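# A structural walkthrough
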Amino acid sequence: MQRFRHAECVQGQGSHLLVVWLGLVLCGLLGCTRETPDQTAFASGDGAVVDAGSGDGLIVDDTGDGIGSDDANVDDSHEADQQSLDGTDAGQTEGSLKDTAGCAKAADCDDGKLCTTDLCNPSDGTCSHKANAAACDDGDPCTLGDQCEALKCVGKDDRYFRRLLIGAGAFTGGSSALADGLLALAGRRNDKPVVVGLDSAHKQAWIAKVGSEAGSLRAIVAAKSGGYVVGGHQDTALQSQAKPLIAHVGATGTLLKTGTAAVSEAWASVSGLVTADKKSQMFFVGSSIDGEGKYKAFYGQFNLVQGKIDGKVTTLGTLNEQRAANGIIQVGTRNVVYGWSAFVTGKKGWLYALDRATGFKAFEVTHGHTNADQNFSGAAAMPDKGLLVVGSSNWGSSGFYDAWVVRTDGQGKKLWARMMGTDASDAAMGVLAVADGAFVIGRSNIKSGAQGLNTIWRIDTHGTPWWSKTYNSSGNEYSRSISRGADALLLTGYRVAGKDSQLVVMALDEFGHNSCGASGVCAGKLTTDCKDGNPCTADNCESAAGCSHASLPDTSACGDGKACNATGQCLP
């Protein structure tokens, strides 16, 4: 059978009318159209490869039905250049594909495939397509670092992972900070202060030793001038003595500057840091212990360039009460210190606010009950300049501690307080505020033993728990901080198993799932995707059932002066 070119079908040139008539009939059956010179090869969905680039209109059918399979119907000049359907060519090596497209430049050779680099040899008009390693998207929302390999797009890393146990040796700590999207953790390794930096896939990239002496790091924050600033203490040669330590570590782990803060007590440690208005300065807080075992809280400014404090270190609170500062956050034009205060019996949660420009006290308040132990371990600023403060309290819990959440106004006065946890001891260590509530992280103990679990609670704006989840494999685990990465919630802490301990990093989705695959129908959803707008329901998302809306207990707070009733209505 004569193979007809597209141009012949349309124009019908020739002296025999019968041939022209047969050509027009066959053209109608085969669906011929006028060919343009710049058409390129494409793979059809039924197994046929059509090469229209040379103007020949070659049709090859390898379906086995006999149509177009006769050797007489194949243009020998193109047979060696036909591409297989998976983008490879049996006649080529190392992912290189060739065709005769009559090209003049590389753009004429575009095969529409991201994982090939298109090349043109203008001397003979041939195209080639070589496999590359370009970034791509494999279409799987649960992978990161997608990259071309052997002409295919391959996901490199899981977006959500169970846990990352970092390094050998005894690690403790786990306070973390994000700088330019990269996470770093401050702690202690084999009794030496260290900072551990992670790459974009949350894998260990570097470890920086801060000083040569024993000690520990308790605080870390991103520096305005780049990298991270860490705080803790360096042990001295004398037993039971330590001096405050502050250091600036670059984004790749280079130790840029170290210094100490002058405190009169024998033992002192920096526990919190926050940036100042100038790039070279930081505010710091910490606690010291005198010779009688009494705690004092101190506050000051540190100059990163000079490696020393600016001005004097101030003692916070009255002298007849013990104070310990666990951290500091910025709220508007103020710095707010949180920790605990003790007078005669028991401890109370303690807040102390200072004006950032002058250092003058704005307010000082305590929260809690007499004859009980309470402690604030984390805090977050709210949109109304109020606070969400978390910690632990053993009031009214038969000796066991509970996770404790207190919401305050802009002057530190309590708006509401909630206790959360199991029938064993629990503690909240950190908090991440979001528009419709917060994520609170901490530790829950198993009542039958001393084993601890990393725990995360999701609460609404009134402190009502929506859900909670625990994570543990073996040993005791402690959550220390939580932050929001580019695509996940990042929970950090450490695990103790026997004499060994390791830093722990977990990436979680908005519903506390630690595996994107295990999230099922909820993979990729945000909290707002499962909100029903009813303040009397706990909105959640689980792998099997998807979104759920459990009714909150009767009398649960649902607004200013309002409470949920038995039918799920929010009424005054």
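Residues numbered from 1 in each chain as written. Predicted model: local features only at pLDDT ≥ 70, side-chain atom pairs only at ≥ 80, totals over all residues. Heavy atoms only, no water.

It is worth spelling out the nonpolar core at this point. F439, I456, W467, I482, L491, M506 and L508 are the most contacted members of the largest nonpolar core, which totals 20 residues. Mapped onto this core, the elements with two or more residues apiece are β32 (426-434), β33 (437-445), β35 (465-471), β37 (489-497), β38 (500-508) and β39 (537-542). (Core = buried A, V, L, I, M, F, W, Y, C linked by side-chain atoms within 4.5 Å. Buried < 20%, exposed > 50% of the residue type's maximum accessible area, 1.4 Å probe, protein only. Helix = DSSP H or I, 4+ residues; strand = E, 2+ residues; numbered from the N terminus.)

Along the chain, A353 turns up in strand β26 (residues 347-355). Those residues within four positions of A353 in sequence are excluded, and the remaining contacts are R334, N335, V336, F360, K361, A362 and F363. (Contact = heavy atoms within 4.5 Å.)

Below, the discussion takes up the pairing of β35. Note: strand β34 (residues 452-459) against β35, six bridges, orientation antiparallel. Looking at the pairing, I456 lines up with K469 of β35. (Pairing = 2+ DSSP bridges.)

What follows deals with the sheet that holds strand β30 (residues 402-408). Reading across from one edge, β28-β29-β30-β31 is the order of the four strands in this open sheet, with antiparallel pairing throughout. At either margin of the open sheet sits one strand with a lone partner, and together these are β28 (374-381) and β31 (414-420). Recorded for the sheet is a direction-independent mean angle of 20 degrees between the axes of neighbouring strands. In the sheet, strand β29 (residues 387-393) pairs with β30 via seven bridges, with the strands oriented antiparallel. The residue of β30 that forms the bridge with V390 is V405. (Axes fitted to C-alpha atoms, helices over the stretch in contact; angles between N-to-C directions.)

This part is about the sheet that holds strand β43 (residues 570-571). Spatially, β41-β42-β43 is the arrangement adopted by the three strands of the open sheet, whose pairing is antiparallel. Both edges of this open sheet fall to β41 (557-559) and β43, since each of them pairs with a single strand only. Relative to strand β42 (residues 562-564), β41 runs antiparallel, the two being bridged by two bridges. Residue pairing for β42: G559 is matched across the bridge by K562.

On to the side chain of D146. Note that D146 resides in the loop between β7 (143-144) and β8 (147-149). Within the structure, D146 has its side chain in polar contact with the backbone nitrogen of D138 (distance 3.1 Å). Every residue in contact with D146, bar those within four places of it in the chain, is listed here: A135, C136, D137, D138, C153, V154, G155 and K156. (Polar contact = N/O pair within 3.5 Å; in protein donor to acceptor, adjacent residues only side chain to side chain.)

This paragraph deals with the confidence of the model for the chain. Of the residues in the chain, 78% have a pLDDT of 70 or more, and the chain-wide mean is 79. A low-confidence stretch, residues 1-94 stays under pLDDT 50, and its non-local contacts, those more than four residues away or across chains, total 99 contacts. (pLDDT = per-residue confidence, 0-100.)

Attention now moves to the pairing of β26. Of the strand pairs in this sheet, strand β25 (residues 334-342) and β26 are connected by nine bridges, and their pairing is antiparallel. Paired with N335 across the bridge in β26 is L354. Here β26 hands over to strand β27 (residues 361-367) after five residues, with G359 in that stretch at a positive phi of 80 degrees.

Moving on, we come to the pattern of salt bridges. Evaluated as defined, the whole model comprises twelve salt bridges. What emerges from the salt-bridge pattern is a single network uniting E321, R323, K361 and E364. (Salt bridge = Lys/Arg side-chain N within 4 Å of Asp/Glu carboxyl O.)

In the structure shown here, the tally under the stated rule is eight aromatic pairs. Plain terms: the ring middles of F283 and Y299 are 6.0 Å apart, the flat faces sit at 15 degrees to each other, and that makes the pair stacked. Highlighted residues: F283 in strand β21 (residues 281-289) and Y299 in strand β22 (residues 295-303), separated in sequence by 16 residues. For the pair F283 and Y299, a shared accessibility class is recorded, and that class is buried. Here R458 stacks its cationic end above the ring of F439, 4.7 Å away from the centre of that ring. (Phe/Tyr/Trp six-rings, centres within 6.5 Å; stacked < 30°, edge-to-face > 60°. Lys NZ or Arg CZ within 6 Å of the ring centre and 35° of its normal.)

To continue, consider unusual backbone geometry. Most peptide bonds take the trans form, and the phi angle of most residues other than glycine is negative. The phi angle at D180 is positive, at roughly 55 degrees, despite the residue not being glycine. Among the secondary structure elements, D180 is positioned in the loop between β12 (171-179) and β13 (182-189). A positive phi is found at K385, a non-glycine position, where the angle reads about 70 degrees. With respect to the element layout, K385 can be found in the loop between β28 and β29. Judged by its relative accessible area of 48%, K385 falls in the partly exposed class.

Structurally, R323 can be placed in strand β24 (residues 322-331). A distance of 3.4 Å separates the side chain of R323 from the side chain of E321, its partner in a polar contact. Only 3.5 Å separates the side chain of R323 from the side chain of S341, close enough to count as a polar contact. Filtering out sequence-adjacent residues up to four positions away, R323 remains in contact with Y295, K296, A297, L316, G317, T318, W340, S341, W350 and E364.

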